[in-house]
Amino acid sequence: MATGYLDILKAPHAARLLTGTLVGRLPSATGHIAIVLFVRAEGGSYTLAGVLTALYGITTAIGQPLLGRAVDLFGQPRVQLPAALVSAFGMVLFAAAGTGTPALAYPAVALAGLFTPPLEGGLRALWPSVLGREDRVHRAYAMDAVAQEVMFTLGPLLVTLLVALWSPAAALLVINVIGVLGALSVVLSKPSRAWRSAPRQAHWLGALRSPGLLALLGAFLFIGMALGSITVAGVAYADDHGDKSVYGWLMAALGLGALLGGTVYGSRQWTGVPERRLRGIVALLALCYLPLTLTPGVVAMTVLSALAGVFLAPALACAFIVVDRHAPRGTVTEAFSWLVTTFGVGAALGTGVAGPAVEHGGTSTSFAVAGAGGFAALLVLLVTQRVLKAPTGPSDATIRTENDRSGAAQPGFSSGHQA
């Protein structure tokens, strides 16, 4: 099962790019946790911690597609590294100012979020030029989704370890220094330095002028909402059982399910149209959310949480392919960044909806929000089948990847469809 992934990692530069991207994304993966721990250590309230965390999430969501567009226009090194440095400076300023100086704390957190480098979208833009063949790129997308689950599992553990060994302020500083080093590793690599976006049609909407991309973003807004609601519902379930550690078990099981599902999905080659396959995966994802509303005992609930995660990584991996097929030429990094932003906004909405659901309907109702989000995503994909039909490129020319000047990529495969 892991042979296909090993084949990907043996490709020149592949392991470095994947590792550098994951390390570079550590601040964005753990920033919300580090902010909460730091605010509480400074004597700040949970309300202040929540507001600053929300500000960080919102500004990150705003910045990702804007910086993604800048990468498409100016290249990766000229955007990714400066953005990482500015973002790290924002967190350093926040750690130095503390919570006693709101006039500095709020702008510092906003700066850190707004300039979070779009490394995730940048990596997916690089895969075609690094791996060449379409089947290998698709497997890399699955590996990318699996690696995310590992990072989001180990990242919080690293933050808590840093807090235990030093302090919350030290944790903020260390994870951002590590993030800059990760970004540096990526932008100094040959593929990142050589990558150039394809010529693009000037349009203020950029990647958003693609109807297929808009349909996909609409679906993943609801998938993000489903996932966000589970994080709140899991806390309510743990409270019901009088054991805070139960929440950790549920989230770990969710991540383990996604890890297993993504590994299996990436271990085989898939035929057929990815847009149709995505509808099937999202349907299974929605169905697996429904049993959570039963809220059985802890052991059974942990198993159900693992089941709920099984189709998440495959859904993301398949979505990456669909983004690649529908992004207007020259906007691939921006398009991937929009997916990151939409998913994050959906997760924030999910946490906002699940809270009142717990208070008014109980834990089972809050888990029902996840099922509703899953089926809403499926409905969007079904309603927009026409615009999500497989895009077709010019039949009289070989389309190359946006950075494939040597023609190494498989004919007919591109990292940005000509809109």
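Use the structure listed above.
These notes cover the structure that comes with them.

**Overview of the overall build of the protein chain**
Logical step 1: A count of helices and strands for the protein chain gives 17 helices and zero strands.
Logical step 2: Since a compact globule built from 419 residues should have a radius of gyration of about 22 Å, the 21 Å found for the protein chain is in line with a globular shape.
Logical step 3: Projected onto the principal axes, the alpha-carbon positions of the protein chain cover approximately 65 × 45 × 40 Å.
Logical step 4: Sequence separation of at least 24 residues holds for 81% of the intrachain contacts in the protein chain that already meet a minimum separation of 6.
Logical step 5: For the protein chain, the exposed area adds up to about 17100 Å²; of that, 69% sits on carbon and sulfur atoms.
Logical step 6: Computed over 26 positive and 18 negative side-chain charges, the inter-centroid distance for the protein chain is 9 Å.

**Regarding the nonpolar core**
Logical step 1: One finds Trp127 and Phe220 to be the most contacted residues of the largest nonpolar core, which totals 83 residues.
Logical step 2: Considering each element in turn, this core owes the most residues, 13 residues, to helix 11 (residues 211-240).
Logical step 3: Those residues in contact with phenylalanine 220 that sit more than four places away from it in its chain are Leu278, Ala315, Leu316, Ala319, Leu339, Thr342 and Phe343.

**Considering the packing of aromatic side chains**
Logical step 1: Using the criterion set out here, one finds six aromatic pairs in the structure.
Logical step 2: An aromatic cluster of at least three residues, connected via ring pairs, comprises Tyr141, Phe320 and Phe336.
Logical step 3: For arginine 124, the ring lying beneath its charged end belongs to phenylalanine 320, and the centroid distance is 3.6 Å.

**A look at a nonpolar patch on the surface**
Logical step 1: Taken together, Ile58, Ile62, Leu66 and Leu114 make up a surface patch of nonpolar side chains, about 370 Å² in accessible area.
Logical step 2: Counting residues per element, the nonpolar patch draws most heavily on helix 4 (residues 46-74), at three residues.
Logical step 3: Position of leucine 66 among the secondary structure elements: in helix 4.

Conventions and cut-offs
Residues numbered from 1 in each chain as written. Predicted model: local features only at pLDDT ≥ 70, side-chain atom pairs only at ≥ 80, totals over all residues. Heavy atoms only, no water. Helix = DSSP H or I, 4+ residues; strand = E, 2+ residues; numbered from the N terminus. Rg over C-alpha atoms; globule rule 2.2 N^0.38 Å. Contact = heavy atoms within 4.5 Å. Areas by Shrake-Rupley, 256 points an atom, 1.4 Å probe, with all protein chains shown as cover. Lys, Arg positive; Asp, Glu negative; His and termini not counted. Charge placed at Lys NZ, Arg CZ, Asp CG, Glu CD. Core = buried A, V, L, I, M, F, W, Y, C linked by side-chain atoms within 4.5 Å. Buried < 20%, exposed > 50% of the residue type's maximum accessible area, 1.4 Å probe, protein only. Phe/Tyr/Trp six-rings, centres within 6.5 Å; stacked < 30°, edge-to-face > 60°. Lys NZ or Arg CZ within 6 Å of the ring centre and 35° of its normal. Patch = residues over 30% accessible without salt bridge, like charges linked within 9 Å, V, L, I, M, F, W, Y side chains within 5 Å. Salt bridge = Lys/Arg side-chain N within 4 Å of Asp/Glu carboxyl O.

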